[in-house]
Amino acid sequence: MSPPRLKVVLTRRLPDAVETRMRELFDAELNLTDRPMDRAALEHAVSYADVLSPTITDTIDADLIDKAGPRLKMIANFGAGVDHIDIDAAVAKGLIVTNTPGVLTEDTADLAMSLILAVSRRIVEGAQVMQEGRFGGWTPTWMTGRKLWGKRLGIVGMGRIGQSLARRAKAFGMQVHYHNRKPVPDMIAEELGATWWDDLDQMLQRMDVISLNCPATKETHHLLSADRLARLQPHAILINTARGELIDEAALAEVVATRRIAGVGLDVFENEPAVHPGLIGHANVVLLPHLGSATIEARQDMGDRVIANIMTYARGHRPPDRVIPAML
């Protein structure tokens, strides 16, 4: 007799192929409505599941973990970021936590580069002019943006995504600078022609474009505070495809309102899905609905990694993408 299949609860709807495979391998409970689970539903799920597979829309805090039933052994996150999960509490409870790193690197770097282009060349603003039938013909001084060639890009967080963005920026002729806890290996720095800054404040005030590509932690909350935002040059462009909590959104809205920044491109928000009202309605602010990993390929790959992690655990081995506090 084969052993009973693991009870796996999915908190959101995943690609059809992923859900189908989940049903084949596990006793998988799907969320066909694709509405985020409320607190009561999450508490119910952890009371009987063997594995919970949450997403960024779910808050898996210490209180929820404390309410978990004896069957819960694993939290298999659908996504690379785990700042919505209390890893310390999970480990203390004896739970295994996994994520899906690497599979969304190139897609997120694509989007960051797209936002740099969109803001600097006023692409969204120009497209809206065409859609509204307001194009009256070419003129020498209308809708002028800024070229990227030769501009300085400051990357905050030189991990996988930061390095992939740097490669794209180099192809556009940008000069790559970065702030990280420590320098990247010499081979990578030479490939990218990248300059390391150990002092973030010094880098910020010298860059033409700033891109945030670091994780959200207690140390990086409001990394771009009102004080740091004030250090940006008035012609600078700020891009965030990482986590909304990295920026003091109210302070950024004030900087935009007082025209102390040339442009902003955001794919993530501090109180997502809410957006600070002071950031809406400005021609030089491009806002996207968290599209960083929104490609068919990335979402399929993320699901495949979730399945691989659960299957590895089910077979009695260490999941390849296990997350422990020392990694954060």
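A. Here's a closer look at the sheet that holds strand E12 (residues 285–287). With respect to topology, seven strands assemble into an open sheet ordered E8-E7-E6-E9-E10-E11-E12, the strand pairing being parallel. Only two strands of the sheet have a single partner each, and these edge strands are strand E8 (195–197) and E12. Put simply, the sheet's adjacent strands are angled 15° from each other on average, direction ignored. Pairing geometry for strand E9 (residues 209–212) and strand E10 (residues 237–240), over four bridges, is parallel. Bridging from a neighbouring strand, Ser211 pairs with Ile239 of E10. Sitting on the sheet, helix H5 (residues 105–120) is in contact with strand E6 (152–156), E9, E10, strand E11 (263–266) and E12, with an inclination near 150° to E10.

B. Region of interest: the pairing of strand E1 (residues 7–10). Burial of the side chains of E1 extends over both faces: Lys7 and Val9 are buried on one face and Val8 and Leu10 on the other. Bridge count between E1 and strand E2 (residues 27–29): three bridges; the pairing is parallel. By the bridge assignment for E2, Val8 is matched with Ala28. You can see the chain leave E1, run along helix H1 (residues 16–25) and come back into E2, and the turn it takes is right-handed. Direction of pairing for E1 relative to strand E3 (residues 51–53): parallel, over a ladder of three bridges. From the neighbouring strand, Val8 faces E3, where its bridge partner is Val51.

C. Quick look at the nonpolar core. Counting 29 residues, the largest nonpolar core has Val156, Ile210, Leu212, Leu229, Leu238 and Leu252 as the members making the most contacts within it. It is helix H11 (residues 249–257) that contributes the most residues to this core, five residues altogether. Setting aside residues up to four positions removed in sequence, Ile210 forms contacts with Gly154, Val156, Leu204, Leu232, Ile237, Leu238 and Ile239. Residues Val119, Ala169, Ile188 and Leu192 belong to the second largest nonpolar core, which totals 25 residues.

D. Molecular detail of the packing of aromatic side chains. All told, the structure shown has one aromatic pair when counted by the stated rule. Arranged with centres 6.1 Å apart and planes meeting at 20°, the rings of Phe135 and Trp142 form a pair that is stacked. On the basis of relative accessible area, Phe135 is assigned to the partly exposed category, the value being 44%.

Conventions and cut-offs
Numbering of residues starts from 1 in every chain and runs along the sequence as written. Only residues with pLDDT of at least 70 get local features here, since the model is predicted, and only at 80 or more are side-chain atom pairs given and counted; chain-wide, interface and lining totals rely on the full set of residues. The basis for the side-chain values is all heavy atoms of the structure; hydrogens and waters are excluded. Any two strands with at least two DSSP bridges between them are considered paired. Secondary structure counts use DSSP, requiring at least four H or I residues in a row for a helix and at least two E residues in a row for a strand, with both numbered from the N terminus. Here an axis means a line fitted to C-alpha atoms, over the contact stretch when the element is a helix, while the angle between two N-to-C directions is reported on a 0 to 180 degree scale. Two residues qualify as a contact provided that any one of their heavy atoms is within 4.5 Å of a heavy atom in the partner residue. Burial classes: relative accessible area under 20% of the type maximum marks a residue as buried, over 50% as exposed, and values in between as partly exposed (1.4 Å probe, protein chains only). With the strands aimed away from the viewer, a crossover counts as right-handed if its path from the first strand over the helix to the second runs clockwise. Put simply, buried Ala, Val, Leu, Ile, Met, Phe, Trp, Tyr and Cys residues joined by side-chain atoms within 4.5 Å make one nonpolar core. Note on ring pairs: Phe, Tyr and Trp rings are taken, using the six-membered ring of Trp, and paired if centres are within 6.5 Å. Classes follow the plane angle, with under 30 degrees stacked, over 60 edge-to-face and the rest tilted.

Shape is all these values report; function is a separate question.
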